[in-house]
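Observations on the three-dimensional arrangement
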Protein chains: 2
Amino acid sequence: MWQIYQFPLCPFSRKIRLLMGEKGIAYDLVREDPWTPSEMFPNLNAAGTTPVVVNEEKKLVLADSRAIGEYFEETVDNSPMINGTAANRAEIRRLVALFDENFYHDVTGPLLMERMKKRIVYKQPPNSTVLRDAMKNAHGHLDYMDWLIDNRPWLAGSTMSLADLAAAAQISVADYLGGIDWKGHEQTRGWYSVFKSRPSFRPLLSERMDVIKPPAHYALVDG
Amino acid sequence: MWQIYQFPLCPFSRKIRLLMGEKGIAYDLVREDPWTPSEMFPNLNAAGTTPVVVNEEKKLVLADSRAIGEYFEETVDNSPMINGTAANRAEIRRLVALFDENFYHDVTGPLLMERMKKRIVYKQPPNSTVLRDAMKNAHGHLDYMDWLIDNRPWLAGSTMSLADLAAAAQISVADYLGGIDWKGHEQTRGWYSVFKSRPSFRPLLSERMDVIKPPAHYALVDG
Ligand SMILES: N[C@@H](CCC(=O)N[C@@H](CS)C(=O)NCC(=O)O)C(=O)O
Ligand SMILES: N[C@@H](CCC(=O)N[C@@H](CS)C(=O)NCC(=O)O)C(=O)O
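All chains use their own residue numbering, which begins from 1 and follows the written sequence. Key to labels: chains lettered from A, ligands numbered from 1, both in the order written. In view of the model being predicted, local features appear only for residues whose pLDDT reaches at least 70, and side-chain atom pairs are presented and counted only at 80 or more, with totals across whole chains, interfaces and linings using the full set of residues. To get the side-chain values, all heavy atoms of the structure are used, and hydrogens and water are removed first.

Here is the rule we go by: UniProt positions are given in the numbering used here, feature names are shortened, and annotations may be inferred rather than shown by experiment.
With an unreviewed UniProt entry as reference, chain A is termed Glutathione S-transferase, source organism Erythrobacter longus. Quoted verbatim from the Subunit (unreviewed entry) heading of the UniProt record, the comment on chain A is "Homodimer."

1. Structural notes on the interface of chain B and chain A
Let me state the cut-off plainly: By definition, residues are in contact when any of their heavy atoms lie within 4.5 Å. Summed over both partners, the accessible area (1.4 Å probe) lost when two parts come together is defined as the buried area. A carboxyl oxygen of Asp or Glu within 4 Å of a side-chain nitrogen of Lys or Arg is what we treat as a salt bridge. Helix and strand definitions follow DSSP, with helices as H or I runs of at least four residues and strands as E runs of at least two, each counted in order from the N terminus.
Tallying the contact residues gives 23 residues for chain B and 23 residues for chain A. Each partner contributes to the roughly 1900 Å² buried at the junction of chain B and chain A, and carbon and sulfur atoms together form 61% of this total. Looking at the side of chain B facing chain A, the largest losses of area belong to E74, R93 and R94 of chain B, adding up to 23% of the total buried there. Where chain B meets chain A, there are 10 salt bridges. Where R89 of chain B meets E74 of chain A, a salt bridge forms, and the shortest distance between an N and an O atom there is 2.8 Å. Contributions of two or more residues to the side of chain B that touches chain A are made by β4 (60–63), α3 (65–75) and α4 (86–122) of chain B. The leading source of residues in the side of chain B that touches chain A is α4 of chain B, at 10 residues.

2. A word on the domain arrangement of chain A
Residue and element names in this part refer to chain A. Using the following cut-off: In this entry, domain limits derive from an automatic or database-based domain assignment. Pairs of N or O atoms within 3.5 Å make up the polar contacts considered here, provided that, within protein, one atom can donate a hydrogen while the other can accept it, and that residues adjacent in sequence are counted only when both atoms are side-chain atoms. The classification used treats Ala, Val, Leu, Ile, Met, Phe, Trp, Tyr, Cys and Pro as nonpolar, Asp, Glu, Lys and Arg as charged, and all other residues, Gly among them, as polar.
Here chain A is partitioned into domain 1 (2–75) and domain 2 (86–206). One C-alpha centre belongs to domain 1, the other to domain 2; they are set 20 Å apart. Each side of the interface is counted separately: domain 1 has 16 residues, and domain 2 has 27 residues. Interface area for domain 1 against domain 2, summed over the two sides, is near 2100 Å², with a carbon-plus-sulfur share of 69%. Three residues, L9, R14 and L18, lead the burial of domain 1 against domain 2; their summed loss comes to 32% of the area buried on that side. The interface formed by domain 1 and domain 2 contains five salt bridges. Residue R93 is joined to E70 by a salt bridge in which the shortest nitrogen-to-oxygen separation is 2.7 Å. For the pair domain 1 and domain 2, the number of links is seven residue pairs in polar contact (both at pLDDT 80 or more). Of the residues in the side of domain 1 that touches domain 2, the class split is eight nonpolar, two polar and six charged.

Structure (structure tokens):
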């Protein structure tokens with residue numbers, strides 16, 4: 001059985017949970033907060049980050065969500081998520097990097113710092129300038145997504161791919177933290193509401209992070 | 001013909017140049033400084049980062065160095081650099097992420113900011129506390145590399161892989177910027193001097209970044 005070391009609002013862990021859900025790979029969750037790591041966690045991942053995916057029977061410890069994604073893509077045939085020609089696959093991976101790195105750096109990361117870490121770890125109020133900037137940055141990223149969806153059925157092309165899962169993972173955490181203003185983003189909102197109704201997504205949407213409450217629309221399919 | 005949009009001290013571009021060099025793929029360099037992008041650069045890469053790899057005959061524009069690396073691995077058979085079982089490949093990709101993200105965040109990124117961007121862009125002196133911390137962080141990463149090399153011929157296993165190229169790329173930029181103190185890191189120093197003598201590496205070591213001079217040992221194979 002696979003185990004995922006993660007916490008509910010880690011977007012990289014959400015991407016892997018969505019991927020495993022779509023591929024029908026069963027997993028158990030193990031709670032791990034990287035800001036107060038358990039004693040053995042540094043031995044599992046020198047980078048100190050979640051997610052880490054473990055399979056004791058196979059004696060496997062996998063770290064880094066992109067390495068984990070490629071592993072499942074190579075070993076589990078159903079629901080391919082990095083598919084098509086080499087050029088298509090490069091486009092999927094470019095977009096995964098755009099969400100994992102730029103969206104996270106501009107939007108999800110600052111929201112997690114201000115609304116989650118400051119509350120749980122630093123016992124400080126959020127910085128409202130940083131929050132405002134993160135929400136402004138989100139509009140820029142959603143504009144780019146609106147444009148992609150105007151031109152293609154799914155973010156990276158004609159079929160659902162890891163790019164869609166990476167984007168939905170980041171957006172779902174940002175939305176939980178009140179960082180997404182959906183006004184003016186009908187294309188992305190439509191794409192996202194299709195996602196929210198998928199069986200791979202339902203368990204994520206029903207989870208809560210300790211003391212932090214999501215906005216009322218968060219788990220509603222047409223919210 | 002392939003073109004790489006890059007600047008001499010971009011570690012992600014260096015990783016791709018090493019990969020193309022090892023695989024024998026010819027390329028031209030196009031100078032692009034992401035902090036003062038040329039007018040068309042945002043159209044090539046929405047993330048605004050170097051490297052971008054272009055092939056006009058094939059009508060291809062590839063962005064994100066990991067997506068680019070996977071593309072060449074899939075399309076050019078010689079000198080495989082993401083090789084072996086799915087587990088081996090996951091280990092290679094985990095280490096690539098460790099160097100691209102953690103080493104860059106802890107060492108190369110701060111050195112580039114203090115010693116390159118502050119000089120060229122902000123016209124400010126470097127912050128010596130940040131420089132000291134980056135050099136201290138480098139020791140931690142080199143300790144981990146020493147340990148890997150004690151246990152394996154190459155960083156990710158029995159053959160040279162993209163993990164070695166990613167590490168050499170980051171280290172070469174950090175070393176150029178005076179951030180690497182080799183004392184106490186004989187294993188990694190030995191591994192790196194093998195690298196420095198490879199034909200793929202020689203052109204990188206002879207390049208200079210405008211007004212910034214590397215230390216005397218930088219381009220010497222046993223320096
Ligand atoms: N490259 C990693 C990045 C993962 C990452 O940054 N995870 C965050 C949590 S969402 C983390 O563990 N940060 C370290 C910390 O908060 O101390 C991946 O894709 O898995
Ligand atoms: N995910 C990208 C990251 C590349 C990256 O961060 N490049 C730096 C230069 S070394 C950059 O362009 N930074 C943007 C800037 O400096 O404005 C990759 O692997 O290609």
